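This is what each chain is made of:
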Amino acid sequence: MFADTSGHSVVLTSDRGSFSDYSRSSALGYFCCLPSRLIPRFMMNHLFSPPVETGRGVEAPVAPYALRKVEAALLARGVRDVAVVPPENLPRAVGPNTRVVGITAHDPFGFSPVSTKLTMLFGGGPSWNESFFTELGQQIEGLRRHHSFRVIVGGPGVWQLSYRRPPWVDTVFQGEAEVDLPLLVGSLISGADPPPSVEGRPPRTEEIPSIVNPARIGEVQVTRGCPRGCEFCSITPDKYRSFSYDVIEREIAVNRSGGELNVEIVTDDILLYGAQRLRTNHEAVVELFHRIHRTGAEQIGFAHISAPAVRESPETVLEMGRIAEWDRNRGMTPVVGLETGSIRIFRKYMPAKSFPYKPEEWKDVILDATRILNEAGIDPCYTMTIGFPDETDSDVDESITMVQSLVDQGFRAFIFPLPVIPITTSRIRGNPMPQLETLPSRYWDLLEVCWQHDLRLARDLLPSLVGRMRSAMARRATTYFVEHLAPHVEKFFREFRETHGRAAYRYRDVRLDGFGGALRSALWLTQAAWPSAQREPTTLTSPMKAPRAET
C-alpha cells in the first residue's frame, strides 16, 4: 500500500473539493456543493473536480493558492522539506520522516451558504465537499496507523470544525498563517505536544512572502481582507491590506514559469486595491491592470468587487475592462454582494456596506453598478443573504422588488439568494443554522424569480460561460445541461414555491451514485460529448462573441 519512501518532513494538502482546477472553470466547483448521491464519482473525477496530474512525482506542479502561501511562509521561516501534495498522492508522500501534515479546509462539512442551500433543496445528505473531506480524513487515519505525525487544519472553512471536530485533528489553526504557523510547525518537528487550537496573528504586509511555486489557474493575491465589517461575514476590518506591484509581478512570473498565461486576481474587492478609507484609488487600480497586462497575460480575471465602489468610480471599472478586453474575452462573473433589498435588514446587519452612499440608496447603487459592470464586459454573480432570525416576509418582498427591477431592465447579472450561515468567527455566530421550515415563506418566491432569470441568462451567455473550460467534454456537457436539462429544473423551483420548500423531501431517496445512476449519467455524458449526427445542431443566439477556448 505504501511507497518505499522515508516521506517528506512537512506535507501540505487539502481534500479534492479544493485541490482541483475544476476543468479550468471555477464555476464548475459549485458542483462540489451538491449532494454527493446526485453526481456519480466519474463525473466529479473527469469534469467537475478532476485531480491535479503529477506524473510520476508526488508533488503538485500547480496547487491552490492558499497552500502555496503556506508553503512560502514555512520556507521563509527556515522550515525545509515541505511538499505540497494532492490528496491522491498522500500515501507516497507521507513516511517515517513525516512530522506534520497540514490541511487547508474550504468547506469540510458542507456548511457554506452554497452547500447548505443546495443540499437543503435537493433532499439533504452530504455534499461532495463533505464527502471529499471525509475521505481525506479516512486517508489520514490509515496513514497514522503506520507513521507518527501531527495534523494541523486551517483555512477559510476551519470555523466549521467548531461544530464537528474529527478525532484525527491535532490542532485547529484559525486566522492567518504567516506569523504563527511556522512557529507551530517548528515546535512539532522538534517533538512538542500540539496545542488543540491556535489563533494566528495578522501579519504585516512585509511579513507575507511571495509564492515560490505555481498556483492553479494563475491565482495571485492583490489585497487581503475587507474593512466593511458586515455582521454575517468572517472577514474582520482590521486585516485589510494591499500588496505592492513588485510582489504581484513576482508571483505572476512564478505562475508563468509553470506555463500559466492567465492571471486570476485573488481579492475580496478589486476596487479596494490601494484604497484609503474605502475610497477607490483610480490610479492604483489602473496601474495594477496595466502592469498585469504587460506581463503578457492572455486573460485577466478577478473574484470579487463591491457595488458601491463600482458606482463611485465607473471610470475605473471601464478602464479595467478596456485593458483586460473583457468585451472580447467574456465570461467574467465575479461575486458581488447584493445581500438584501430590505433597508431595515441592511441597516442592522451591514450598515457600512453601502459606503459612501446611504443604506436608503442601496437599490440605486445596485442598479447603477450593474449597468456599469455590463458596460465593462462584466456579468456579476450577485449573492443574497436571506433568513436572519428577525427577517419577515415584508423584508423579503423588498428583496423581490429589487431583483425584479434588475430583471425588468434586462441587465446581465446572475442572482443567488443564499441562507444566512452563523459562521463562528462572525458577529452572528449565535444564530441557529438555517432549516427549510425556518426560512421566511416568501423566500421561495424570491428563489423562483431568481432561478427563472438565471437559467434564461445562462442560455444567453452560454458561449462565454463555457469558453474558458479546457476540457472539450466539460464544454459539451455544460452546453447540453443548459440547453436541454436546465428548462426542466424550473419545475423544481415552482414546486419549492408552491410547497414552501417541503418538495425538497421528495428527493431524499434519489441516488445517481450507484451502478444504475452511473449508467444513466454515462449515457447523458456520451450524448453531450458526441452529439448524434442525426440531431440538428443547436444555434446559439447570444449576441456576444465566445472567448477563445483554452487548450
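Our subject is the structure that appears above.
Here's a quick rundown of the structure. (Residues numbered from 1 in each chain as written. Predicted model: local features only at pLDDT ≥ 70, side-chain atom pairs only at ≥ 80, totals over all residues. Heavy atoms only, no water.)

1. Brief notes about the sheet that holds strand β11 (residues 300-302)
Spatially, three strands are ordered β7-β10-β11 in an open sheet, and the strand pairing comes out parallel. Here the strands that pair on one side only, and so sit at the sheet edges, are β7 (219-221) and β11. On average, adjacent strands in this sheet sit at an angle of 30° to one another, irrespective of strand direction. Sheet analysis places strand β10 (residues 263-266) next to β11, joined by three bridges and oriented parallel. Residue pairing in the sheet places Val263 in a bridge with Ile300 of β11. (Pairing = 2+ DSSP bridges. Helix = DSSP H or I, 4+ residues; strand = E, 2+ residues; numbered from the N terminus. Axes fitted to C-alpha atoms, helices over the stretch in contact; angles between N-to-C directions.)

2. Re the pattern of salt bridges
Once their charged atoms are close, side chains differing in charge can pair, the charge on each being opposite to the other. For the structure shown, the criterion picks out 34 salt bridges. Across the salt bridge formed by Arg144 and Asp170, the nearest N and O atoms sit 2.8 Å from each other. Of this pair, Arg144 sits in helix α5 (residues 128-144) while Asp170 sits in the loop between β4 (150-154) and β5 (171-175); the two residues are 26 residues apart in sequence, bridging distant segments of the chain. The class of Asp170 is buried, set by a relative accessible area of 16%. Among the ionic pairs, Asp390 bridges to Lys348, the shortest N-O distance being 2.9 Å. You can see Asp390 sitting in the loop between β13 (381-386) and α13 (393-408) and its partner Lys348 sitting in helix α11 (residues 343-349), a full 42 residues away along the chain. For Asp390, a relative accessible area of 23% puts it in the partly exposed group. Look at Lys348 and you get partly exposed, because its relative accessible area is 48%. Among the charged side chains, a salt-bridge network with shared partners connects Glu176, Glu178, Arg224 and Arg241. (Salt bridge = Lys/Arg side-chain N within 4 Å of Asp/Glu carboxyl O. Buried < 20%, exposed > 50% of the residue type's maximum accessible area, 1.4 Å probe, protein only.)

3. Considering the sheet that holds strand β3 (residues 100-104)
Strand order in this open sheet of six strands is β2-β1-β3-β4-β5-β6, and the pairing throughout is parallel. Only two strands of the sheet have a single partner each, and these edge strands are β2 (82-84) and β6 (197-200). Pairwise comparison of adjacent strand axes, ignoring direction, gives a mean angle of 20° for this sheet. Here β4 pairs with β5 via two bridges, running parallel. Bridge assignment links Ile152 to a residue of β5, and that residue is Thr171. Sheet strands in contact with α5 are β1 (10-13), β3 and β4, and its direction is about 175° off that of β3. (Contact = heavy atoms within 4.5 Å.)

4. A closer look at the environment of Arg24
Take Arg24: it is sitting in the loop between β1 and α1 (41-48). C-alpha of Arg24 to C-alpha of Ser49: the two residues are 25 residues apart in sequence and 9.6 Å apart in space. Separated by 2.9 Å, the side chains of Arg24 and Glu260 make a polar contact. (Polar contact = N/O pair within 3.5 Å; in protein donor to acceptor, adjacent residues only side chain to side chain.)

5. Section: the packing of helix α12 (residues 362-375) against α13
At a minimum axis distance of 11 Å, the contact between α12 and α13 shows a crossing angle of 25°. Accordingly, the angle class assigned to the pair α12 and α13 is roughly parallel. Helix-helix and strand crossings are classified by hand; for α12 and α13 the assignment is right-handed. Across the interface between the two elements, Trp362, Lys363, Ile366, Leu367 and Thr370 of α12 pack against Thr401, Met402, Ser405 and Leu406 of α13. (Parallel < 35°, antiparallel > 145°, perpendicular 65-115°, else oblique. Left-handed = near helix turned anticlockwise from the far one by under 90°.)

6. A look at the packing of aromatic side chains
As enumerated under the stated definition, the model contains 22 aromatic pairs in all. Ring plane angle 45° and centroid distance 4.7 Å describe the contact between Phe346 and Trp362, whose orientation is recorded as tilted. Note that Phe346 is positioned in helix α11 and Trp362 in helix α12, a separation of 16 residues in sequence. The residues Phe346 and Trp362 share a single accessibility class, namely buried. Ring pairs connect the aromatic residues Phe122, Phe414, Phe416, Tyr443, Trp444, Trp451, Phe492, Phe493, Phe496 and Tyr507, which therefore count as one cluster. Above the ring of Phe149, the side-chain terminus of Arg144 is found at 5.7 Å from the ring centroid. (Phe/Tyr/Trp six-rings, centres within 6.5 Å; stacked < 30°, edge-to-face > 60°. Lys NZ or Arg CZ within 6 Å of the ring centre and 35° of its normal.)

7. Considering unusual backbone geometry
As a rule of thumb, non-glycine residues mostly have phi less than zero, and peptide bonds are mostly trans rather than cis. Pro356 follows Phe355 through a cis peptide bond whose omega is 15°. Structurally, Pro356 is set in the loop between α11 and α12. With phi around 65°, Arg24 is a residue other than glycine that occupies positive phi space.

8. Digging into the environment of Ser242
Structurally, Ser242 is set in strand β9 (residues 241-242). The exposure class assigned to Ser242 is partly exposed, which follows from its relative accessible area of 22%. Taking the C-alpha atoms as reference points, Ser242 and Tyr273, 31 residues apart in sequence, are found 5.7 Å from one another. If near-sequence neighbours (up to four positions away) are discounted, Ser242 is found in contact with Thr205, Val222, Thr223, Leu272, Tyr273 and Gly274. A polar contact of 3.1 Å, which involves the side chain of Ser242, links it to the side chain of Tyr240. There is a polar contact of 2.9 Å between the side chain of Ser242 and the backbone nitrogen of Gly274.

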